[in-house]
Amino acid sequence: MSRILISGYYGFNNAGDDVVLYGIISSLKREQPNISLAVLSNQPERTSELFGIEAYDRWSFGTIVRELSRSDMLVMGGGTLMQDVTSPRSVLYYLGIVTIAKLLRKPVVFYAQGFGPILKSLSRQVIKRVVNRVDVITVRDYESGEDFKACGVNRAPIHVTADPALTISPDDISDTRGKELLHGMFAAPSKPLVAISVRDWKQEQAFKRTIAKAADWFILRGWNVLFLPMHVPSDLAPSKEIMEQMTQTGARLLDAPVTFHDIMSVLKQCDYVVGMRLHSLILACMLRVPFIGISYDPKIDRFVERAGMPNAGHVTKLDETRLLALLAEKIDRIETETEIVTRHSRSLAVEAAKSSELVLQALRK
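Source: prediction; values computed, not measured.

Asks: In this structure, what is going on with the packing of aromatic side chains? I would like to understand it.
Replies: The relation between two aromatic rings is expressed through the spacing of the ring centres and the mutual angle of the planes. Throughout the structure, instances matching the rule amount to 12 aromatic pairs. Consider the rings of Tyr 9 and Phe 12, whose centres lie 4.1 Å apart with planes at 5 degrees: the pair is stacked. Judged by its relative accessible area of 19%, Phe 12 falls in the buried class. For the ring pair Trp 59 and Tyr 93, a centre distance of 5.4 Å and an interplane angle of 50 degrees mean the geometry is tilted. Within this pair, whereas Trp 59 is found in the loop between β3 (54-57) and α3 (61-70), its partner Tyr 93 is found in helix α4 (residues 89-103), the two being separated by 34 residues in sequence. The rings of Trp 217, Phe 218, Trp 223 and Tyr 272 are connected pair by pair, giving a single aromatic cluster. The positively charged end of Arg 58 is found above the aromatic ring belonging to Trp 59, 4.5 Å away from the centroid. The ring of Tyr 296 is capped by Arg 199, whose NZ or CZ atom sits 4.5 Å from the centre of that ring.

Asks: Help me understand the pairing of strand β6 (residues 136-139), please; the structure alone is not making it clear to me.
Replies: Strand residues, when the strand is regular, have side chains that alternate between the two faces of the sheet. Of the two faces of β6, the one lined by Val 136 and Thr 138 and the one lined by Ile 137 and Val 139 are each fully buried. In the sheet, strand β5 (residues 108-113) pairs with β6 via 3 bridges, with the strands oriented parallel. The partner of Val 109 across the bridge, within β6, is Val 136. In this fold, β5 hands off to helix α5 (residues 121-131), which returns the chain to β6; that crossover is right-handed. Pairing between β6 and strand β7 (residues 158-160): 3 bridges, direction parallel. Residue Ile 137 lies in a different strand from β7, and its bridge partner there is Ile 158. After leaving β6, the chain enters helix α6 (residues 142-150) and then returns to the sheet as β7, a path that is right-handed.

Asks: What is the right way to look at the packing of helix α8 (residues 206-220) against helix α13 (residues 320-332) in this model?
Replies: Helix-helix packing: each pair is described by the crossing angle between the helix axes and the interaxial distance. Between α8 and α13, the shortest axis-to-axis distance is 10 Å and the interhelical angle comes to 30 degrees. The orientation of α8 with respect to α13, classified from their angle, is roughly parallel. Relative to α13, the crossing made by α8 is right-handed. Seen from α8, the contacting residues are Thr 210, Lys 213, Ala 214, Trp 217 and Phe 218; seen from α13, they are Glu 320, Leu 323, Leu 324, Leu 327, Ala 328 and Ile 331. When grouped by side-chain class, the residues that make up the contact of α8 with α13 number 8 nonpolar, 1 polar and 2 charged.

Asks: What am I meant to see in the pairing of strand β2 (residues 36-41) here?
Replies: When you tally the buried positions in β2, you get 6 out of 6 residues, the bulk of the element. Residues of β2 alternate between two faces, with Ser 36, Ala 38 and Leu 40 on one and Leu 37, Val 39 and Ser 41 on the opposite face, all of them buried. Between the parallel pair strand β1 (residues 3-7) and β2, the chain is carried across by helix α1 (residues 15-31), and the sense of this crossover is right-handed.

Asks: What exactly am I supposed to notice about the nonpolar core here?
Replies: Residues Phe 218, Tyr 272, Phe 291, Phe 303 and Leu 327 are the most contacted members of the largest nonpolar core, which totals 103 residues. Top element by residues in this core is helix α14 (residues 334-364). It accounts for 10 residues. If you look at the next biggest cluster of nonpolar residues, it comprises 33 residues, including Leu 74, Val 91, Phe 115 and Ile 118.

How each quantity is defined
Residues numbered from 1 in each chain as written. Predicted model: local features only at pLDDT ≥ 70, side-chain atom pairs only at ≥ 80, totals over all residues. Heavy atoms only, no water. Phe/Tyr/Trp six-rings, centres within 6.5 Å; stacked < 30°, edge-to-face > 60°. Buried < 20%, exposed > 50% of the residue type's maximum accessible area, 1.4 Å probe, protein only. Helix = DSSP H or I, 4+ residues; strand = E, 2+ residues; numbered from the N terminus. Lys NZ or Arg CZ within 6 Å of the ring centre and 35° of its normal. Pairing = 2+ DSSP bridges. Right-handed = clockwise from strand over helix to strand, strands pointing away. Axes fitted to C-alpha atoms, helices over the stretch in contact; angles between N-to-C directions. Parallel < 35°, antiparallel > 145°, perpendicular 65-115°, else oblique. Left-handed = near helix turned anticlockwise from the far one by under 90°. Contact = heavy atoms within 4.5 Å. Nonpolar A, V, L, I, M, F, W, Y, C, P; charged D, E, K, R; others polar. Core = buried A, V, L, I, M, F, W, Y, C linked by side-chain atoms within 4.5 Å.

Here it is, written out as structure tokens:
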């Protein structure tokens, strides 16, 4: 039985990265049910419990070497691993694992990767040196592939696919847990529901007032408003700050301990999503829920465009008048928006499935 070790940003209570891993696992097992999968994680026991596969300490050098030795392939799985904005150590960490795998003569596949931003010349040099030894690269958008090439990556074949979360079938997401979490939260539960997913961005504060105005706008239009943190606890504070700036009452915050399964189930109950977090938008698309994106990173712009949905603009220049006008336009034709996102979701799911097909082709070689 073939065994694949998966490496990525897992075990950090980030629902976006969790759904990436879930998408990779479910897609690979759909293609080859008997495949053995393991993952490196910051919380191995919790990750193993959540995903039903073996999980190992991502910080133990000896463990990494042992598990790579036991495996037939390394998959660098999903997300934007090649970036040095949060820390210059990120690129060095992940490419260190790739280097160990190649020293052990294991094939390596980059799975639906995003790219950047890369700010340091050292990061670019290491990417060029190491990633050119990778066997197959799949990227979640065309621009990420071009960014790899701009760093000098020209030996490994690069395929444009889509985010692994888009391979998840909406029919596999239960309604039960979402309904349980929302039960009793709103005085009039029959009203349409919008989920708002935000994060802090550098020292920016003005965007929070603008989003508060948008939340008020929804309530005045007869909607229920739910603030939905994707990364706990970091998303709780900006959600609360926005709610404090609202003039209308009735908005709620989902601050109960939840898993990514729970978040998917809650989003399935929503009629619209306003999102800064990339995977709030990706999951909305997968669930065929129309949305509007608020950008803080090119990855948001790239996905929103591929999904055929509106972009409210960059968080540093978020304009209240433009945002409310866009919302009014889209909400007034929400059935059409639902048709558009459904069409794009089906197309992107086909693209996303190609990553697992390419992994298994490389494994057979």
